[in-house]
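Here is how the chains run, residue by residue.
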Amino acid sequence: MSSTELPGTRAAAAAVAPTVSAVRVAEGEKLRSVPLPGLTLTVRARPGATAGLAPALYVHGLGGSSQNWSALMPMLADVVDGEAVDLPGFGDSPPPDDGNYSVTGHARAVIRLLDAGQRGPVHLFGNSLGGAVATRVAAVRPDLVRTLTLISPALPEIRVQRPAVPTGLLALPGVASLFSRLTREWTAEQRTRSVMALCYGDPARISEEAFRHAVAEMERRLELPYFWDVMTRSARGIVDAYTLGGQHGLWRQAERVLAPTQLVYGGRDQLVSYRMARRASAAFRDSRLLTLPDAGHVAMMEYPEAIAQAFRELLDECGGS
């Protein structure tokens, strides 16, 4: 049993897939299911505007899904052929057979996806947990990564931000079930507003339509019998990654990344400290930094235009491909 696996995981994963509401697919997007050894991944594609564009892969954060990239992907469809993955147990991807939700487990899933599709090297994007996953992929498989764009990556901090403490506590045994019971009466709308207040620099920027879609997705997730289990063990996976030292430590792996790297940090991020930008800039050998003073934890959803512009500049520096 892995360090991130809870008792009963295999039985839960083997259970018949629940019948839940359909995942939203925006205009111009396509979903496909990719069966791989030990897991199945759902991939959201936003094909490039012309044939032959370099491939890009987008990796979401804890509690997110490929939908987190739906605002950014169309803005880059003229320069990359984009795909966003639902990590195992998130979005429309079922839990993995081995119940491994560690950062390494998620990175292994991304590597398997890229190897199976022979799409590498890709322009790799990652947010939060997805940023840690992307860092590990770029460090151990440099052949798969052309450029790396990290938005509030979940790299280890000595002084964790206070609003991020509950996420860490979620990793403790019993906390998830306790929270589930305490919030049993919360509506999907209340839960969505709580998440947005935590993740956005200014929740007022969210349109009514985007909020309705977010509530619908929250309702869908709450129908999944494995929702809290996945959240708990993924949170534990982040905590475990923070404690790893030596060659497996995330900061050590950041130093090994060869790909040109774009770092993005938000001044109002309550989960990943703005002060980590300086350390990250020093750790990644070929990095450039974009700071967005009014952005929160999900800048690609709040300020997709700024992220798109930063990527285009990175692309220009790398010769346009």
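Residues numbered from 1 in each chain as written. Predicted model: local features only at pLDDT ≥ 70, side-chain atom pairs only at ≥ 80, totals over all residues. Heavy atoms only, no water.

*Asks:* Looking at this structure, how should I read the overall build of the protein?
*Replies:* On a plain count of helices and strands, the protein comes out with 12 helices and 8 strands. Each of the 321 residues in the protein was classed as buried or not, and the buried ones make up 53%. The contacts in the protein between residues at least 6 apart in sequence include a share of 76% that link residues at least 24 apart. Within the structure as shown, the protein displays about 14100 Å² of accessible surface, and the carbon and sulfur contribution to it stands at 54%. (Helix = DSSP H or I, 4+ residues; strand = E, 2+ residues; numbered from the N terminus. Buried < 20%, exposed > 50% of the residue type's maximum accessible area, 1.4 Å probe, protein only. Contact = heavy atoms within 4.5 Å. Areas by Shrake-Rupley, 256 points an atom, 1.4 Å probe, with all protein chains shown as cover.)

*Asks:* Honestly, the pattern of salt bridges in this entry has me stumped. Any pointers?
*Replies:* It is possible for side chains of opposite charge to pair when their charged atoms get near one another. Applying the stated criterion across every chain yields a total of 15 salt bridges. For R141, the salt bridge identified is with D143, shortest N-O distance 2.9 Å. We classify D143 as partly exposed; its relative accessible area is 45%. D286 is the partner of R288 in a salt bridge, and the nearest nitrogen-oxygen pair spans 3.3 Å. (Salt bridge = Lys/Arg side-chain N within 4 Å of Asp/Glu carboxyl O.)

*Asks:* Explain the nonpolar core to me, please; I cannot follow it from the model alone.
*Replies:* Here is a general trend for soluble globular proteins: nonpolar side chains tend to be buried in one another's company. Of all hydrophobic cores here, the largest spans 53 residues; its most connected members are L124, L148 and F284. Once you skip the residues sitting within four places of it in the chain, F284 turns out to touch T135, L148, L150, L155, A254, V257, T261 and L263. W69, A299, I307 and A310 belong to the second largest nonpolar core, which has 34 residues in total. (Core = buried A, V, L, I, M, F, W, Y, C linked by side-chain atoms within 4.5 Å.)

*Asks:* Hey, could you run me through the packing of aromatic side chains in this one?
*Replies:* The geometry of two aromatic rings is summed up by the distance between their centres and the angle between their planes. Applying the stated rule across the entire model yields 5 aromatic pairs. A centroid spacing of 6.3 Å and a plane angle of 70° characterise the contact between W69 and F125, whose relative ring orientation is edge-to-face. Of the two residues, W69 is situated in the loop between β3 (54–59) and β4 (80–86) and F125 in strand β5 (residues 122–127); the sequence distance between them amounts to 56 residues. You can call W69 buried: its relative accessible area is 0%. A residue is classified by how much of its surface remains accessible, and F125, at 0% relative accessible area, is buried. Between F125 and F311, the aromatic rings sit 5.0 Å apart at their centres with planes inclined by 45°, giving tilted as the arrangement. Of the two residues, F125 sits in strand β5 while F311 sits in helix α12 (residues 304–317), which places them 186 residues apart along the sequence. In this pair, the class of F125 matches that of F311, namely buried. (Phe/Tyr/Trp six-rings, centres within 6.5 Å; stacked < 30°, edge-to-face > 60°.)

*Asks:* Please explain the sheet that holds strand β6 (residues 145–151) as it appears in this structure.
*Replies:* Working definition: the strands of a sheet are paired by backbone hydrogen bonds and lie parallel or antiparallel to each other. Read across the open sheet, the 8 strands follow the order β1-β2-β4-β3-β5-β6-β7-β8; overall the sheet is mixed. Two strands close off the open sheet at either side, each with one partner strand: β1 (30–36) and β8 (287–292). Pairs of neighbouring strands in the sheet enclose a mean axial angle of 20°, with direction left out of account. Here helix α10 (residues 276–283) sits on the sheet in contact with β7 (261–266) and β8, set at roughly 175° to β7. (Pairing = 2+ DSSP bridges. Axes fitted to C-alpha atoms, helices over the stretch in contact; angles between N-to-C directions.)

*Asks:* Looking at this model, I keep getting lost on unusual backbone geometry. Mind explaining?
*Replies:* Note: most residues except glycine have negative phi, and most peptide bonds are trans. At the junction of G120 and P121, the peptide bond is cis and its omega measures out at 0° in the coordinates. By secondary structure assignment, the location of P121 is in the loop between α2 (103–117) and β5. The phi angle at Q118 is positive, at roughly 50°, despite the residue not being glycine. Looking at where Q118 falls in the secondary structure, it is placed in the loop between α2 and β5. Phi is positive for S152, close to 45°, though the residue is something other than glycine.

*Asks:* Would you mind showing me how to read the environment of P142 here?
*Replies:* You can see P142 is positioned in the loop between α3 (129–140) and β6. The class for P142 is partly exposed, based on a relative accessible area of 41%. With near-sequence residues (within four places) excluded, P142 lies in contact with V137 and L258.

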